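# A closer look at the structure
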Amino acid sequence: MATQEINNRILEFPGAPGMDSEEEEVAEWIEAFDQVVEEEGANRGCELLEALIERARTSGVEVPIQLNTPYINTIPVEEEVPYPGDRQLERRLKSLTRWNAMAMVHRQNKTDAGIGGHISTYSSLATLLEVGFNHFFHGCYGDQPGDFIYFQGHASPGVYARAFLLGRITEEQVLNFRHELRGLPALSSYPHPWLMPDFWRFPTVSMGLGPLNSIYQARFMRYLENRNLIPRTPRKVWAFVGDGETDEPESMGSLTLASREKLDNLIFVVNCNLQRLDGPVRGNGKIIQELEAAFRGAGWNVIKVMWGGDWDRLFARDKSGLLVKRLGEVVDGEYQAYKVKGGEYIRRKFFGKYPELLEMVSDMSDEELHRLTRGGHDPQKVYNAYKRAVEHEGSPTVILAHTVKGYGLGSAEARNATHQEKKLADQALTAFRSRFEIPVPEMAAKEGRLYRPPDDSPEIVYAKKRREELGGFLLIREVPKLAFEAPPLSEFADSVAGSKGRAVSTTMGFVSMLRQLMKDPKIGKLIVPIIPDEGRTFGMESIIRQVGIYASRGQLYKPHDQDMPGEQTE
Ligand SMILES: Cc1ncc(C[n+]2csc(CCOP(=O)(O)OP(=O)(O)O)c2C)c(N)n1
Ligand SMILES: [Mg+2]
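All values derive from a computational prediction rather than experimental measurement. (Residues numbered from 1 in each chain as written. Chains lettered and ligands numbered in written order. Predicted model: local features only at pLDDT ≥ 70, side-chain atom pairs only at ≥ 80, totals over all residues. Heavy atoms only, no water.)

## Thoughts on the site of ligand 1
Applied cut-off: Each residue is tested against the molecule or strand, and it is near if at least one of its non-hydrogen atoms lies within 4 Å. A 3.5 Å cut-off defines polar contacts: any pair of N or O atoms within that distance qualifies, except that in protein one atom must be a possible hydrogen donor and the other a possible acceptor, and neighbouring residues in sequence count only when both atoms are side-chain atoms. Residue exposure ignores everything except the shown protein chains as possible cover, and the areas themselves are Shrake-Rupley values with a 1.4 Å probe. In this classification, Asp, Glu, Lys and Arg are treated as charged, Ala, Val, Leu, Ile, Met, Phe, Trp, Tyr, Cys and Pro as nonpolar, and every other residue, Gly included, as polar.
As a matter of local geometry, ligand 1 sits amid 18 residues, with T121, Q152, D243, G244 and K405 nearest to it. Between an oxygen atom of ligand 1 and a side-chain N or O atom of Q152, the distance comes to 2.8 Å. In the model, an oxygen atom of ligand 1 is placed 2.8 Å from a nitrogen or oxygen of the D243 side chain. Bound to the protein, ligand 1 loses 77% of the 590 Å² it would expose on its own. Residues belonging to the shell around ligand 1 are distributed by class as follows: 3 nonpolar, 10 polar and 5 charged.

As structure tokens, then:
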């Protein structure tokens, strides 16, 4: 019997009478293992398994490589810490941000048809960003700069809406959303430091570039720390990435660089709303499981945030593991349909597959089934994942957060067309207004009027205080004055004078000037030639000997040519 099949049967009938001998044998092994874990702890359990796998491999038994965990939260509920913030005030803030983000796009499309913009990306990302803004993203660490955040480009309206609430950008700017080239204070469509030089630090909307750059950013930060050019701080690089975006080759192309360099200053958060622009990311499969295997295989720490706290009661009832098994069976296209079709459909199609599961939810209404939360919308689950990520050492972390695209947008929620939604119908606007309790009169709501509570309202005071405690506002880009002096031209007299009849290649000329610059006591340390290969071809051997090659862990071997004069590579 295939292992998977045996497992499934055991999940369905643990210790059931009438097991065949194969099943009994497996049940005995599992019982023995459970006993070890219970009496001697999880680490001992792990050691035993590792020893068994090693044994199997050396005796020629082919052991399947398993990179996936079940379709549930990585952090078990018993290991969660309580939420440290004021959930009610934070919810209020998030609702107002949601409203203003949506209203900004809606009204601009009413006044300037076809101007575009997005509302459904931020609506799936709101909790993931809010928990970060209120509890994790540092504006500074003492007198040192804080964290770097790469925002999902299409979520820009949400980032603007929050900055508007906190008084960082004006109503005039918001009303000129996407009109940034018309000479008035305005907001650019997407993050880009050229378009809003005081606000955005990184351009991210060309999908794939954000994740790729964030890896190199984290590596460069480590370089500066390791060479004592900046002090070592707990500073992090956070990259918010779409699940569709992970299909861009750039997104996944440098994952192993991040693990090889042990970049535990890097955290990816993948907003797994299971949808891209046109439709599902993996309708017939499971993008979260696919990403889990890819990232874990590349050496990353993986944390899945799958289900909200309202599922915990169901998992506690799931003694046989049948619910976990069912969650693993369903493909993404079907998960998307659950959100569109509602509670009765979920009961029939999801729980209805097994009578035991139907029974499990018999005390819940269709409405309650429909509302069962996905992990990326539950602040408690998100907080715990972020906390683990910032505390993790030795490798980069990816958080795979399960969300709903167009969350809260009523009829646009989870639909294939949600990405292209620019305006809401009157009825959807008023429904949104009541769901998130926005104090805008009904008529004004239909126009998409912005709402900003007074500066002394509890939610604004709270939000500002949180930012103060985390070292100040985050969306500020400051360009430091260049504080170095270029060496005078006379230092390059030899190069400028020409080669005096000798044949000198351009590369040799360049290398000799580069060497000169690197020796300069004032700016030498700031010059970092990045040479993936072929330095020798371009005559850089002498430079390599002189300055060495950077290796974050030092050199762990003796180069074969170390003692050969003129050939040393270290
Ligand atoms: C390189 C590139 N190709 C295409 C686009 C157009 N585009 C904008 S958003 C999007 C889909 C995004 O899906 P996903 O990454 O899952 O983000 P979501 O909005 O679902 O959070 C596409 C194809 C782009 N911005 N960049
Ligand atoms: Mg998506």
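## Comments concerning the coordination of the magnesium ion (ligand 2)
Convention followed: Water is not among the atoms examined, so metal sites may look incomplete; donors are the N, O and S atoms within 2.8 Å of the metal, or within 3.2 Å for Na, K and Ca. Strands are runs of DSSP state E lasting at least two residues, helices are runs of H or I lasting at least four, and both sets are numbered from the N terminus onward. To sort residues, take the accessible area from a 1.4 Å probe on protein chains only and compare it with the maximum for the residue type: under 20% means buried, over 50% means exposed, and anything in between is partly exposed.
Coordination sphere of the magnesium ion (ligand 2), protein contribution only: D243 (OD), N273 (OD1) and Q275 (O), at 2.0 to 2.1 Å. Within one chain, the residues donating to the magnesium ion (ligand 2) are spaced in sequence as D-x29-N-x1-Q. A residue pair is termed long-range when its members are at least 10 positions apart, and D243 in the loop between strand 4 (237-242) and helix 9 (249-253) and N273 in the loop between strand 5 (266-272) and helix 11 (287-297) qualify at 30 residues. For the residue pair D243 and N273, the accessibility class agrees, reading buried in each case.

## Focus: unusual backbone geometry
Its identity as a non-glycine residue notwithstanding, L274 has a phi of 65°, on the positive side. Relative to the helices and strands, L274 is located in the loop between strand 5 and helix 11. L274 gets classed as buried once you look at its relative accessible area, which sits at 1%. At A414, a position not held by glycine, the phi torsion is positive, near 65°.

## With respect to the side chain of Q152
Note the cut-off: Any two residues whose heavy atoms approach within 4.5 Å are treated as being in contact.
As for its placement among the helices and strands, Q152 is situated in the loop between strand 3 (148-150) and helix 6 (156-165). A distance of 3.1 Å separates the side chain of Q152 from the side chain of N271, its partner in a polar contact. For Q152, the contacting residues outside a window of four places in its chain are T121, L125, T204, F240, V241, G242, E245 and N271.

## Looking at helix 8 (residues 209-226)
Definition in use: By this rule, a helix spans an expected 1.5 Å times one less than how many residues it contains.
Across its 18 residues, helix 8 extends 25 Å between first and last C-alpha, which sits within 8% of the 26 Å expected from 1.5 Å per residue. For helix 8, every residue scored as buried is listed here: G210, P211, S214, I215, Q217, A218, M221, R222, Y223, L224 and E225. Taken together, the buried residues of helix 8 touch strand 3, strand 4, helix 9, helix 10 (255-260) and strand 5.

## A look at the sheet that holds strand 5
Pairing between the strands of a sheet comes from backbone hydrogen bonds, and it takes one of two forms, parallel or antiparallel. Put simply, the rule reads: When DSSP finds two or more bridges between a pair of strands, those strands are recorded as paired. What counts as an axis is a line fitted to C-alpha atoms, over the stretch in contact for a helix, and the angles between N-to-C directions run from 0 to 180 degrees.
With parallel pairing, 5 strands are arranged side by side in an open sheet as 3-4-5-7-6. Every interior strand has two partners, whereas the edge strands, strand 3 and strand 6 (301-305), have only one. Taking the axes of each pair of neighbouring strands and ignoring which way they run, one obtains an average angle of 15° across the sheet. Strand direction decides the pairing type here: strand 6 and strand 7 (residues 397-402), joined by 5 bridges, are parallel. For I303, the partnering residue across the bridge sits in strand 7 and is I399. Contacting strand 4, strand 5 and strand 7, helix 5 (residues 120-135) crosses the sheet at an angle of about 140° to strand 5. Its contacts with the sheet put helix 18 (residues 379-391) on strand 4, strand 5, strand 6 and strand 7, and the angle it makes with strand 6 is roughly 175°.

## With respect to the nonpolar core
Rules: Here, nonpolar core means buried Ala, Val, Leu, Ile, Met, Phe, Trp, Tyr and Cys residues that are tied together by side-chain atoms lying within 4.5 Å of each other.
In this structure, W99, Y160, F199, W238, F240, Y386 and I399 are the most contacted members of the largest nonpolar core, which totals 67 residues. Looking at which element gives the most residues to this core, the answer is helix 4 (residues 87-111), with 8 residues. Excluding anything up to four places from it in sequence, I399 contacts I267, F268, V269, V270, I303, V305, A385, Y386 and A389. Membership of the second largest hydrophobic core comes to 51 residues, among which are V237, L255, L266 and V270.

## With respect to the side chain of K405
Going by this rule: Note that His is not counted, nor are the chain ends; the positive residues are Lys and Arg, and the negative ones are Asp and Glu. When a carboxyl oxygen of Asp or Glu is within 4 Å of a side-chain nitrogen of Lys or Arg, the pair counts as a salt bridge.
Tracing the backbone shows K405 in the loop between strand 7 and helix 19 (426-435). It is D243 that comes nearest to the buried, bridge-free K405 among opposite-charge side chains, at 6.7 Å. In terms of polar contacts, K405 uses its side chain to reach the side chain of H419, at 2.7 Å. Not counting chain neighbours up to four residues away, the residues in contact with K405 comprise S120, T121, S124, N273, Q275, R276, E413, A414, T418 and H419.

## What to know about the pattern of salt bridges
Tallying each qualifying case throughout the model produces 34 salt bridges. Residue E79 pairs with R388 through a salt bridge whose shortest N-O separation is 2.4 Å. Of this pair, E79 sits in the loop between helix 3 (42-58) and helix 4 while R388 sits in helix 18, and the two are 309 residues apart along the sequence. A salt bridge links R182 to D112, with the nearest nitrogen and oxygen atoms 3.3 Å apart. One end of the pair, R182, is in the loop between helix 7 (171-175) and helix 8; the other, D112, is in the loop between helix 4 and helix 5, and 70 residues separate them in sequence. Accessibility expressed as a relative area gives 54% for R182, which makes it exposed. Salt bridges sharing common partners tie together R222, E225, R232 and D264.

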